[in-house]
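Fold and contact review
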Amino acid sequence: MRACSFLIIISLLVPTQLWAEKIRLGWQTPWAVQGQLVMGMREGGLAEAEGLDIDYVGFSYGAPLNQAALAGSVDILLTADQPAVALMSRSDDYQIVSRMMYNRVCIYVPTDSGLQNPGDVSGKVLGGPIGAAAERVAARVLAEHQASDVRYVQLDMTAQNALLASHGPGADAWAGVDALFGFDPLPAFFAEAKLARMLSCAPVVSVVVASRDLIENRSDELKRFMAAFAQSWVWYAEDPSRANAAFVAASGLDFNDKQLDLAASLEPNFKAASLADLKLTLDDGDLGKLIEARDFLASKGAVPADFDVSERIDLGPLTAALRDLQDRDAQVNQ
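Below or above, wherever it landed, is the structure these notes cover. As the structure is a prediction and not an experimental result, all values here were calculated from the model.

Re the nonpolar core
- Formed by 91 residues in total, the largest nonpolar core has its most connected members in F225 and F229.
- Here this core takes 11 residues from helix 10 (residues 219-238), the largest share from any one element.
- If sequence neighbours within four positions are ignored, F225 has contacts with I23, L25, M41, L52, I54, I76 and V208.
- In terms of nonpolar packing, the next biggest core, distinct from the first, is built from 23 residues, L65, V85, M88 and V209 among them.

Right, dumping it as structure tokens:
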């Protein structure tokens, strides 16, 4: 079943009395592929077709999104493994309800910098979104290359974009930092525009996190959100250029299809032709990345070393949503 059929089918099958109170969705405005999925729900009308009223609350990256969650200002978060673990270790009010995507995080330097590999970052200033999964991966890569005495400074993705734009292509240095770490799509854009040169890139797993209030007291709304989210993957895969254009307009950042497709290249759902093709559950490798995030945060004294991530995963709403979508499809095809 193609995504273009979803709106017609769902509008016929979702009763009007299921329209519910607003869901506050925390998403990260500069972050592909997550941004294209949000566009499917918002611009593609998939959330509306599910009878949902969503307030799309944008954040620059995971740390301020966590702060909003701790303040009770969001109901669902689209976030990476490390911020998810940090949030759940501090609050019993949130649980992982789905895998979201795999995405790249990278370490990069000015195009003409003398730094040639991650080990050369020793004694240098490294900027990036502190608290994001990109920080953990950067720290691991630097340790593997025996880099030492690295000084980390906060520089989120929006600030990085402004910094590199001010220096232009072919720079040999940036003001205030020797290297940066961050998450796609900006590293892909920086590389193609010759604003930066990648020293290393690696994958992280990202997840959907929901409040216990939704899970326990508004379970039908959460199920319908998960249905809209799943369908947004097919909407995206059916026409990536359409999704990319909507994301570019919403983010205010100047990306092209080549850069955004590179950012999506690690994700198997990018090629999904139907709901049956989707991988939304978490496998042992995904759990391993969550445990790695826990261990990294524990090494910094940010979470308890015995925090059990596996106990904070509830895929029941996702399973119910996918079963409901299959039932609708069967009704239509009778």
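Quick look at the packing of helix 10 against helix 11 (residues 240-251)
- Between helix 10 and helix 11, the least distance of the axes is 5 Å, while the angle of their chain directions is 105 degrees. The orientation of helix 10 relative to helix 11 falls into the category roughly perpendicular. Note on element contacts: helix 11 touches helix 10 through P240, R242, A243 and N244, opposite W235, Y236, A237 and E238.
- The residue makeup of the contact of helix 10 with helix 11, split by class, is 5 nonpolar, 1 polar and 2 charged.

Quick look at the packing of aromatic side chains
- Per the counting criterion, the structure on display carries 8 aromatic pairs.
- Taken together, a centroid distance of 6.1 Å and an interplanar angle of 80 degrees make the contact between F189 and F255 edge-to-face. Of this pair, F189 sits in helix 8 (residues 186-192) while F255 sits in the loop between helix 11 and helix 12 (257-263), and the two are 66 residues apart along the sequence.
- Among the residues examined, F189 registers a relative accessible area of 16% and is labelled buried.
- Aromatic rings pair up to connect Y108, F189, F190, F247 and F255 into one cluster.

Quick notes on helix 11
- Counted at 1.5 Å a residue, the expected span for helix 11 with its 12 residues is 16 Å, and the 16 Å between its end C-alpha atoms agrees.
- For helix 11, the secondary structure elements touched by its buried residues are helix 2 (34-42), helix 10 and helix 12.
- The positive-phi residue at the C-terminal boundary of helix 11 is G252, with phi of around 75 degrees.

Re the pattern of salt bridges
- Inspection of the entire model under this criterion finds 24 salt bridges.
- The partner of D220 in a salt bridge is K223, and the shortest N-O contact between them spans 3.7 Å. With a gap of 3 residues between them, D220 and K223 both fall in helix 10, about one helical turn apart.
- Overall, D220 belongs to the partly exposed group, its relative accessible area being 31%.
- We note a salt bridge from D295 to R294, for which the minimum N-O separation is 2.7 Å.
- A single salt-bridge network, built from bridges that share partners, covers D81, R136, R140, E144 and E292.

Regarding the sheet that holds strand 1 (residues 23-28)
- Spatially, 2-1-3-8-4-7-5-6 is the arrangement adopted by the 8 strands of the open sheet, whose pairing is mixed. Both outer strands of the open sheet, strand 2 (54-59) and strand 6 (151-154), are each paired with one neighbouring strand and no more. On average, adjacent strands in this sheet sit at an angle of 25 degrees to one another, irrespective of strand direction.
- Sheet topology note: the strand 5 (residues 125-128)/strand 6 ladder contains 4 bridges and is parallel. Looking at the pairing, G127 lines up with V153 of strand 6.
- Against the sheet, helix 10 makes contact with strand 1, strand 2, strand 3 (76-80), strand 4 (94-109) and strand 8 (197-211), and its axis sits at roughly 40 degrees relative to strand 4, the strand it touches most.

Thoughts on the side chain of D75
- Looking at where D75 falls in the secondary structure, it is placed in the loop between helix 4 (62-70) and strand 3.
- A distance of 2.8 Å separates the side chain of D75 from the backbone nitrogen of R24, its partner in a polar contact.
- Once residues within four sequence positions are removed from consideration, D75 is found in contact with K22, I23, R24, Y94, V209, A210, S211, L214 and R218.

Observations concerning the environment of E292
- With respect to the secondary-structure elements, E292 resides in helix 13 (residues 284-299).
- With a relative accessible area of 28%, E292 lands in the partly exposed category.
- At 3.1 Å, the side chain of E292 forms a polar contact with the side chain of R140.

Things to note about the layout of surface pockets
- Taken as a whole, the largest pocket spans an internal volume of roughly 250 Å³.
- Residue assignment for the lining of the largest pocket shows that the elements contributing at least two residues are helix 4 and helix 5 (81-90).
- Grouping the amino acids of the lining of the largest pocket by side-chain chemistry returns 8 nonpolar, 4 polar and 1 charged.
- By volume, the second largest pocket is sized at about 210 Å³.
- Around the second largest pocket, the lining comprises 12 residues; the ones closest to its centre are S274, L275, A276, L322 and Q326.
- Class assignment of the residues belonging to the lining of the second largest pocket gives a composition of 7 nonpolar, 3 polar and 2 charged.

Conventions used here
- Residues numbered from 1 in each chain as written.
- Predicted model: local features only at pLDDT ≥ 70, side-chain atom pairs only at ≥ 80, totals over all residues.
- Heavy atoms only, no water.
- Core = buried A, V, L, I, M, F, W, Y, C linked by side-chain atoms within 4.5 Å.
- Buried < 20%, exposed > 50% of the residue type's maximum accessible area, 1.4 Å probe, protein only.
- Helix = DSSP H or I, 4+ residues; strand = E, 2+ residues; numbered from the N terminus.
- Contact = heavy atoms within 4.5 Å.
- Axes fitted to C-alpha atoms, helices over the stretch in contact; angles between N-to-C directions.
- Parallel < 35°, antiparallel > 145°, perpendicular 65-115°, else oblique.
- Nonpolar A, V, L, I, M, F, W, Y, C, P; charged D, E, K, R; others polar.
- Phe/Tyr/Trp six-rings, centres within 6.5 Å; stacked < 30°, edge-to-face > 60°.
- Expected span 1.5 Å × (residues − 1).
- Salt bridge = Lys/Arg side-chain N within 4 Å of Asp/Glu carboxyl O.
- Pairing = 2+ DSSP bridges.
- Polar contact = N/O pair within 3.5 Å; in protein donor to acceptor, adjacent residues only side chain to side chain.
- 1 Å grid on protein atoms, 1.4 Å probe; cavity = no way out; pocket = protein on both sides within 12 Å on 5 of 7 lines; lining within 4 Å.
- Points joined across faces, edges and corners; volume = space filled by probe spheres on them.

Keep in mind these numbers describe shape, not what the thing actually does.
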